[in-house]
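# A look at the structure
As a plain string of letters, each chain reads:
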Amino acid sequence: MRVLGISGMPGSGKGVVSRIAQTMGVKIIRMGDVIREEAEIRGQNVGKTAVSLRKEYGEYVVAEKCVEKIKKDHNHSKTEKNNYMIEGIRSPYEIEIFHENFPDFIVISVFSNPQTRFKRLKRRKRSDDSEELLEFQKRDKRELGFGIGEVIATSDYLIVNEGPLWRFKSQAKKILKQNIEIHSKKNKYKRV
């Protein structure tokens, strides 16, 4: 089993990388989905739930829920060559949990400047996206408060998503292919 992580500020392009990985047979676990599910149960907005979950259960809670999902899926899978991508890593605490559970875990981060990201979020119009600049800035501040800046700065790979989309996709595919192939080769050598 190989597990990769993807991080970046809202609107940076994490979802694009996840969709590429998915076309390569990688199963996607979205940390945001864990929070959105909990927000729905609580009847709260996503931002408030993201903060309150961590206050109530600790900085590791979302990562631990993702690890549970991956292990459960892998145990029920009929193949041993499962590849997973955890989308939306926000804190060094989460990285710590993933490294403890998946020793060859790597992080890919995506960077885009705030103006570019704000334009993308306005077009995307997901429920937790805002068309108001002040709300966008508050969200960025909350994300940075979780430690996402440190995650991006210490990631294994960094892709800048400011140019043409084809270039960004090409860089993402190259990184994904390298890491999925590396994993496959390791498994072949272990069996010999």
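We now turn to the structure provided with this report. (Residues numbered from 1 in each chain as written. Predicted model: local features only at pLDDT ≥ 70, side-chain atom pairs only at ≥ 80, totals over all residues. Heavy atoms only, no water.)

### Observations regarding the sheet that holds strand β4 (residues 106-111)
Strands sit in the order β2-β3-β1-β4-β5 across an open sheet of five strands; the sheet is parallel. Here the strands that pair on one side only, and so sit at the sheet edges, are β2 (27-30) and β5 (157-160). With strand direction ignored, the average angle separating the axes of adjacent strands in the sheet is 25 degrees. Contacting β1 (2-8), β2, β3 (83-89) and β4, helix α1 (residues 14-23) crosses the sheet at an angle of about 170 degrees to β3. (Pairing = 2+ DSSP bridges. Helix = DSSP H or I, 4+ residues; strand = E, 2+ residues; numbered from the N terminus. Axes fitted to C-alpha atoms, helices over the stretch in contact; angles between N-to-C directions. Contact = heavy atoms within 4.5 Å.)

### Description of the nonpolar core
Ranked by size, the top nonpolar core spans 26 residues in total, and within it M31, I86, I89, F98 and F105 carry the most contacts. For this core, the secondary structure elements donating two or more residues are α2 (31-42), α3 (46-57), α4 (61-76), β3 and α5 (92-101). Top element by residues in this core is α4. It accounts for six residues. Setting aside residues no more than four positions away along its own chain, F98 makes contact with M31, A63, C66, V67, I86, I89 and F105. (Core = buried A, V, L, I, M, F, W, Y, C linked by side-chain atoms within 4.5 Å. Buried < 20%, exposed > 50% of the residue type's maximum accessible area, 1.4 Å probe, protein only.)

### Quick notes on the packing of aromatic side chains
Counting across every chain of the model gives three aromatic pairs. Judged by centre distance (5.3 Å) and plane angle (40 degrees), the ring pair of F98 and F105 falls under tilted. By the burial criterion, F98 is buried, and F105 matches it. Between R54 and the ring centre of F146, over which it is positioned, the NZ or CZ distance is 4.2 Å. (Phe/Tyr/Trp six-rings, centres within 6.5 Å; stacked < 30°, edge-to-face > 60°. Lys NZ or Arg CZ within 6 Å of the ring centre and 35° of its normal.)

### Some words on the environment of I95
On the secondary structure map, I95 appears in helix α5. Taking the relative accessible area as the measure of exposure, I95 reaches 16% and is therefore buried. If we skip the residues at most four places from it in the chain, I95 touches I89, F105, V107 and V151.

### Quick look at a negative patch on the surface
A surface patch of negative charge is lined by E64, E68, E96 and E100. If you trace the backbone, E96 turns up in helix α5. On the basis of relative accessibility, which here comes to 37%, the residue E96 falls in the partly exposed class. (Patch = residues over 30% accessible without salt bridge, like charges linked within 9 Å, V, L, I, M, F, W, Y side chains within 5 Å. Areas by Shrake-Rupley, 256 points an atom, 1.4 Å probe, with all protein chains shown as cover. Salt bridge = Lys/Arg side-chain N within 4 Å of Asp/Glu carboxyl O. Lys, Arg positive; Asp, Glu negative; His and termini not counted. Charge placed at Lys NZ, Arg CZ, Asp CG, Glu CD.)

### Here we look at the pattern of salt bridges
The tally for this structure, following the rule as stated, stands at 11 salt bridges. For R2, the salt bridge goes to D104, with nearest N and O atoms at 3.8 Å. Here the residue R2 occupies a position in strand β1, and D104 occupies one in the loop between α5 and β4, the gap between them amounting to 102 residues. Under the relative-accessibility criterion, R2 is labelled buried at 4%. In this structure D104 comes out as partly exposed when scored by relative accessible area, which is 23%. The partner of R90 in a salt bridge is E143, with the nearest N and O atoms 2.5 Å apart. Of this pair, R90 sits in the loop between β3 and α5 while E143 is found in helix α7 (residues 133-146), placing the two residues 53 residues apart along the sequence.

### Overview of α4
For α4, which comprises 16 residues, the first-to-last C-alpha distance of 23 Å matches the rise-based estimate of 22 Å (1.5 Å per residue) to within 8%. For α4, every residue scored as buried is listed here: V61, V62, A63, C66, V67 and I70. Here the buried face of α4 lies against β1, β2, α2, α3, β3 and α5. (Expected span 1.5 Å × (residues − 1).)

Keep in mind these values describe shape, not function.
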